[in-house]
Amino acid sequence: MGADFAQQIRDKAKELLQEGTVECVIGYETGSDGVSARPAFIYDPAAVDRLVFDNTCSHNLVKYLLDKKGKPTAVVVKGCDSRAVNLLLSEKQIERDQVFIIGVVCPGVVEWGWNKRSEQIQQRCNWCRQHTPVVYDFLVGEPVTEEPPADFADVAEMEAKTTEERAAFWREQAERCLRCYACRQACPGCYCIDCFAEELDPEWVGIRIAPEENLMWNTIRAFHLGGRCISCNECERVCPVNIPLSLLNRKLEQEVLSLFDYQAGMSDAALAPLITFKKDEKLGIG
Ligand code: SF4
Ligand code: SF4
Ligand code: SF4
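Residues numbered from 1 in each chain as written. Chains lettered and ligands numbered in written order. Predicted model: local features only at pLDDT ≥ 70, side-chain atom pairs only at ≥ 80, totals over all residues. Heavy atoms only, no water.

**Side note on the side chain of Arg83**
Mapped onto the elements of the fold, Arg83 is located in helix 2 (residues 79-90). Here Arg83 occupies a buried position and makes no salt bridge, while the nearest side chain of opposite charge, Glu253, is found at 4.3 Å. In contact with Arg83, other than residues within four places in its own chain, are Gln130, Val134, Cys229, Ile230, Ser231, Glu253, Gln263, Ala264, Gly265 and Met266. (Helix = DSSP H or I, 4+ residues; strand = E, 2+ residues; numbered from the N terminus. Buried < 20%, exposed > 50% of the residue type's maximum accessible area, 1.4 Å probe, protein only. Lys, Arg positive; Asp, Glu negative; His and termini not counted. Salt bridge = Lys/Arg side-chain N within 4 Å of Asp/Glu carboxyl O. Contact = heavy atoms within 4.5 Å.)

**Some words on the packing of aromatic side chains**
Where two aromatic rings form a pair, the distance of their centres and the angle of their planes describe that pair. Counting across every chain of the model gives 6 aromatic pairs. Summarising the aromatic geometry, the rings of Tyr181 and Trp217 are spaced 4.8 Å apart at their centres and angled 80° between planes, so their arrangement reads as edge-to-face. Pair noted here: Tyr181 is in the loop between helix 5 (163-176) and helix 6 (182-186) and Trp217 is in helix 7 (residues 211-224), with a separation of 36 residues, a long-range link. The burial state of Tyr181 is the same as that of Trp217; both residues are buried. Within the aromatic cluster, the residues linked to one another by ring pairs are Phe5, Tyr28 and Phe53. One residue, Arg184, lies across the ring of Tyr181, its end atom 4.4 Å from the ring centre. The cationic tip of Arg250 hangs over the ring face of Trp127; the distance from NZ or CZ to the ring centre is 3.8 Å. (Phe/Tyr/Trp six-rings, centres within 6.5 Å; stacked < 30°, edge-to-face > 60°. Lys NZ or Arg CZ within 6 Å of the ring centre and 35° of its normal.)

**Focus: the site of ligand 2**
Around ligand 2, a shell composed of Cys187, Arg221, Leu225, Cys229, Ile230, Ser231, Cys232, Asn233, Glu234, Cys235 and Asn249 is seen. The residue makeup of the shell around ligand 2, split by class, is 6 nonpolar, 3 polar and 2 charged. (Near = heavy atom within 4 Å. Nonpolar A, V, L, I, M, F, W, Y, C, P; charged D, E, K, R; others polar.)

**Here we look at the domain arrangement of the protein**
With domains assigned, the protein is organised as domain 1 (3-140) and domain 2 (153-275). A combined buried area of about 2100 Å² lies between domain 1 and domain 2, and 53% of that area is made up of carbon and sulfur atoms. It is Lys63, Arg83 and Trp127 that lose the most area in domain 1 upon contact with domain 2, and together they represent 30% of the buried surface on that side. Along the contact surface separating domain 1 from domain 2 lie 1 salt bridge. (Domains from an automatic or database assignment. Buried area = accessible area lost by both parts, 1.4 Å probe.)

**Here we look at the pairing of strand 7 (residues 116-121)**
Of all the 6 residues making up strand 7, 0 are buried; the element is thus mostly uncovered. Pairing of strand 6 (residues 110-113) with strand 7 involves 3 bridges; the strand directions are antiparallel. Bridge pairing links Trp112 to Arg117 in strand 7. The turn linking strand 6 back onto strand 7 is made up of 2 residues, and Asn115 within it adopts a positive phi angle of 65°. (Pairing = 2+ DSSP bridges.)

Here it is as structure tokens:
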């Protein structure tokens, strides 16, 4: 990682912009705190030196491709982010020939905040099974040959609690939710023009900021991502009150993996099980 990765990204970005293959390269640059990375939109080959890649490059930049429809764009992706590309391709939200994917083999990103970075690797990276992007046009770094097995220790810990304890835990989380919708805005799988949370007719969930409505909001959003969540953890990262949304998402991910042997975003061909229907399908539940 570091300077060598950044230089490879800069060189490829320059080539793509000079050739006119893409109009824009979406990557990372050092933020105004001089410490952590932030998204960068490079349109001019002379500006590629702004691009960096380090262990604060947390953001999933694939979300920005939704704003670039019809415009050839390159995007820098880590392994987790690359699954979001497949998700959006399979759901016909972006077109493959309009996207150039600069994949980066990722050893993990660290916990960081404004003007500070720690050496502590993010928890999601400890569970990561796609350090090498699953789709790319140009790869930076050596592919990882053996990925670890699935690990849902966090989910098991939650499931060891009683139903009452779990209900109390999630009620307490819902009480803190501000309904700011930052989780939705950062999520590559949340792209509805009219989100159910803001529809008034029918009114799926009230707009009041109160525990019952907040619980409904977070539950329905998690279900909308059931089998579609690609584990980038952007929703949890951006939550201003640190609600552990990954616990909800990963429980659904675990269920979909065990019932359907399906992990979202591993290919652009397969649609998520919960958005497809087979007439004679029986799951043998109950
Ligand atoms: S989840 Fe994997 S690919 Fe994503 S940042 Fe962590 S180690 Fe990198
Ligand atoms: S629900 Fe969260 S972890 Fe899943 S894809 Fe959306 S932002 Fe990423
Ligand atoms: S980001 Fe956090 S506080 Fe904001 S709506 Fe989502 S869960 Fe609630």
